[in-house]
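Topology and contacts: notes
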Amino acid sequence: MGDIFTRLVDMPCGICGHCNCNPDGSYTVCINARLGYEEQKKTYLHELEHIRGNDFEKYNVNEIENDVRRRLCEHTKKR
Ligand SMILES: [Zn+2]
């Protein structure tokens, strides 16, 4: 996994965050600065899961989102 840069950005309400794959192989995770601390943490984990799953190479957004939610659920259950 490449370097991951995290930025807090003011985004419209309803958006939690997003992540980008940079040309140099690093990643930028943007998190909505308007979220509370707990929500920001959750969003960060969610975006990390996209990076872990190499979701940038997939095209079906709904599938990607469902997949990430399922994987995060499984992590939580194991803990
Ligand atoms: Zn997502």
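Rules used in this analysis
- The residue count restarts for each chain, going from 1 along the sequence in the order it is written.
- Selection of residues for local features in this predicted model requires a pLDDT of at least 70, selection of side-chain atom pairs for listing and counting requires 80 or more, and totals for whole chains, interfaces and linings are taken over all residues.
- Helix numbering and strand numbering both begin at the N terminus, where a helix is a DSSP run of H or I of at least 4 residues and a strand a DSSP run of E of at least 2.
- Our exposure labels follow a C-beta count within 10 Å of each residue's own C-beta, placed from the backbone: buried means 20 or more other C-beta atoms, exposed means 12 or fewer, and partly exposed covers the counts in between.
- Throughout, a residue-residue contact means that the two C-beta atoms, derived from backbone geometry, are no farther apart than 7 Å.
- In this description, strands pair whenever DSSP reports at least two bridges between them.
- Under this scheme, a helix contributes an axis fitted over its contacting stretch, all axes are lines through C-alpha atoms, and angles between N-to-C directions fall in the 0 to 180 degree range.
- Working rule for helices: expected span equals 1.5 Å times residues minus one.
- The arc under discussion is defined with respect to the helix axis, by the directions toward the C-beta atoms.

Moving on, we get to the overall build of the protein chain. Across its full length, the protein chain holds 2 helices and 3 strands. In the protein chain, the succession of helices and strands from N to C terminus is β-β-β-α-α. Along the first, second and third principal axes, the C-alpha atoms of the protein chain reach 35 × 30 × 25 Å. When the 79 residues of the protein chain are sorted by exposure, 11% land in the buried category. The long-range share in the protein chain, meaning contacts at least 24 apart out of those at least 6 apart in sequence, stands at 29%.

Let's shift gears to the sheet that holds strand β3 (residues 27–32). If you walk across this open sheet you meet the 3 strands as β1-β3-β2, and the pairing is mixed. Edge strands, defined here as strands with exactly one partner in the open sheet, are β1 (4–9) and β2 (17–21). Neighbour to neighbour, the strand axes of the sheet diverge by 20° on average, direction disregarded. Taken strand by strand, helix α1 (residues 37–52) contacts β1, β2 and β3, and its axis lies near 150° from that of β3.

Given a rise of 1.5 Å per residue, 16 residues ought to cover 22 Å, and the 22 Å separating the end C-alpha atoms of α1 matches this to within 8%. Of the residues making up α1, those classed as buried are Thr43, His46, Glu47 and His50. The buried residues of α1 occupy an angular sector of 95° when projected down its axis, which confines them to one face. In α1, the exposed positions angled more than 90 degrees off the buried face are occupied by Tyr37, Glu38, Lys41 and Arg52.

Further remarks concern unusual backbone geometry. Phi is positive for asparagine 54, which is not a glycine, with a value near 55°. In this fold, asparagine 54 is placed in the loop between α1 and α2 (61–78). With 10 C-beta atoms packed within 10 Å, asparagine 54 lands in the exposed category.

Moving on to the environment of isoleucine 15. With respect to the helices, strands and loops of the structure, isoleucine 15 is situated in the loop between β1 and β2. Residue isoleucine 15 is classed as partly exposed on the basis of its 14 C-beta neighbours within 10 Å. In this structure, the C-alpha to C-alpha distance between isoleucine 15 and isoleucine 31, residues 16 residues apart in sequence, is 8.7 Å.

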